[in-house]
Amino acid sequence: MAECIVITSGKGGVGKTTTSANLATGLALSGKKVVAIDADIGLRNLDVILGLENRIVYDLVQVIEGECRLKQALIRDKRVEGLSLLPAAQTRDKSSVRPEDMKKLVNDLKELGTDYIIIDCPAGIEQGFKNSIAGADRAIIVTTPEVSAIRDADRIIGLVEAHELPEPKLILNRYRPGLVARGDMMNREDILEILAIPLMGIIPDHEEIVISANRGSPVVFDELSVVGAAYRRIVRRVLGEEVEIPSFDVQDDGVWASFKRWMGLTAAREVV
Amino acid sequence: MMTSLISRIQSVLGEPRRGSSKDEAKQRLKLLLIHDQVDLSPAQLQAMKAELLDVIARYVEIDREAMEIRLSKEGGQVALVSTMPVRRVTSRAAAAAS
Ligand SMILES: Nc1ncnc2c1ncn2[C@@H]1O[C@H](COP(=O)(O)OP(=O)(O)OP(=O)(O)O)[C@@H](O)[C@H]1O
Ligand SMILES: [Mg+2]
């Protein structure tokens, strides 16, 4: 059964595009047929995070306006079987797409035999957001452990529910165990108490995200990465598996633990 | 897969890294910005190259493999730069000229 998942947040810059890229790639690595849609018209970025920017010929607006066929606009990722990107238009604005267009697009993709459609939603609650949720079957809300991001997430949860999407799920991104341990960052319980929606996963704040963005290669490809592992757990949860969500703890400061951290083998010790 | 680990080991061994990720970022970005400015993707440029070759081949025989076309930026001006090594003028073009 095909499913369309929108990745949204309200506040900008909290990790929607990074999450979309890794979730889409991870699902494809699990053998699913996936299309990632960049719905950020005018400010496309998912192509760059996926490292597919040089292969764009057509975009989403051209598909909607009938300038090309849907299949022509899909860019197949050569690193993983089953993953394609539908890029956003770079020189158009959000008003060139209407919610009905997105609904049709998503239905057409489902008819092509896609298992998962992942929509990278733009920041904000206007046109781009409305377009992004129009064709979605469920929503994943990304937030960071900050007051402003959580406030916006709360607003978005209300809007998503008003659109009759089933209960949205939460991804807590840029989590810093050191700050949490010191009592200077809200922990998972604090945030869930406020937002009261199920948690899909926690992604630590980590330099590997910067490096993978530089290279255009999602971190979920890296089998040794803790961040990659965190995304792989989210992928399994999306697929319906029950997977424990470990906390990240930095208390372990032994020589071996610091060495492993320095080698990039762990971001921080995971504690279940 | 093991890129982060390997690059870390290499940096310990004092070995020059297989291109640092920041250099890769800078190179990708430069290309991206030029293409953004003219709203023509590298893939579209390749499509244009194929069409150009077809037109030009009607007049001169050129080395298809050696033909190069790219966008370049000099002093704020984006230019389409192309080199097409000519083998010889085709007979049809010669006939038209005579
Ligand atoms: N877990 C993380 N660790 C470190 N850096 C991160 C992490 N997640 C995201 N970032 C960085 O935060 C920045 C914003 O991420 P991203 O582009 O995914 O956010 P976004 O929500 O899509 O932004 P926008 O609202 O502008 O579309 C990027 O520079 C990214 O590298
Ligand atoms: Mg984004």
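1. Remarks on the pattern of salt bridges
Evaluated as defined, the whole model comprises 18 salt bridges over all chains. B:K22 is the salt-bridge partner of B:D23, the closest N and O atoms lying 3.0 Å from each other.

2. Some remarks on the site of ligand 1
All names here are of chain A. By nearness alone, 16 residues border ligand 1, and G13, K16, T17, T18 and N173 come closest of all. Here an oxygen atom of ligand 1 and a backbone polar atom of V14 are 3.2 Å apart. In the environment of ligand 1, an oxygen atom lies 3.0 Å from a nitrogen or oxygen atom belonging to the backbone of G15. Expressed as a share of its isolated accessible area of 630 Å², the protein-covered part of ligand 1 is 77%. Counting only elements with at least two residues in the shell around ligand 1, the list comes to helix 1 (16-29), strand 7 (169-175) and strand 8 (199-204). Sorting elements by how many residues they give to the shell around ligand 1 places helix 1 first, with three residues.

3. A closer look at the sheet that holds strand 3 (residues 75-76) of chain A
All names here are of chain A. The eight strands lie next to each other as 3-4-2-5-1-6-7-8, forming an open sheet whose pairing is mixed. With partners counted over all chains shown, the strands left at the sheet margins are strand 3 and strand 8, one partner each. Pairing of strand 1 (residues 3-8) with strand 5 (residues 116-120), which is carried by five bridges, proceeds in the parallel orientation. Bridging across to strand 5, V6 finds its partner in I119. The sheet contacts of helix 1 involve strand 1, strand 2 (34-38), strand 4 (83-86), strand 5, strand 6 (138-143) and strand 7, and relative to strand 5 the element is tilted by about 165 degrees.

4. Notes on the pairing of strand 2 (residues 68-74) of chain B
All names here are of chain B. Looking at chain direction, strand 2 and strand 3 (residues 77-83) are connected through seven bridges and run antiparallel. Along strand 3, the bridge assignment pairs I69 with S82. The hairpin formed by strand 2 and strand 3 contains two residues between the paired strands, and G75 there has a positive phi angle of roughly 55 degrees.

5. Notes on unusual backbone geometry
Of note, A:E164 is a non-glycine position whose phi angle comes to about 65 degrees, a positive value. Judged by relative accessible area, which is 72%, A:E164 ranks as exposed. The backbone of B:D39 shows a phi angle near 50 degrees, a positive value even though the residue is not glycine. Structurally, B:D39 is set in the loop between helix 2 (21-38) and helix 3 (42-56). For B:D39, a relative accessible area of 41% translates into the label partly exposed.

Thresholds, definitions, all that
Residues numbered from 1 in each chain as written. Chains lettered and ligands numbered in written order. Predicted model: local features only at pLDDT ≥ 70, side-chain atom pairs only at ≥ 80, totals over all residues. Heavy atoms only, no water. Salt bridge = Lys/Arg side-chain N within 4 Å of Asp/Glu carboxyl O. Near = heavy atom within 4 Å. Polar contact = N/O pair within 3.5 Å; in protein donor to acceptor, adjacent residues only side chain to side chain. Areas by Shrake-Rupley, 256 points an atom, 1.4 Å probe, with all protein chains shown as cover. Helix = DSSP H or I, 4+ residues; strand = E, 2+ residues; numbered from the N terminus. Pairing = 2+ DSSP bridges. Contact = heavy atoms within 4.5 Å. Axes fitted to C-alpha atoms, helices over the stretch in contact; angles between N-to-C directions. Buried < 20%, exposed > 50% of the residue type's maximum accessible area, 1.4 Å probe, protein only.

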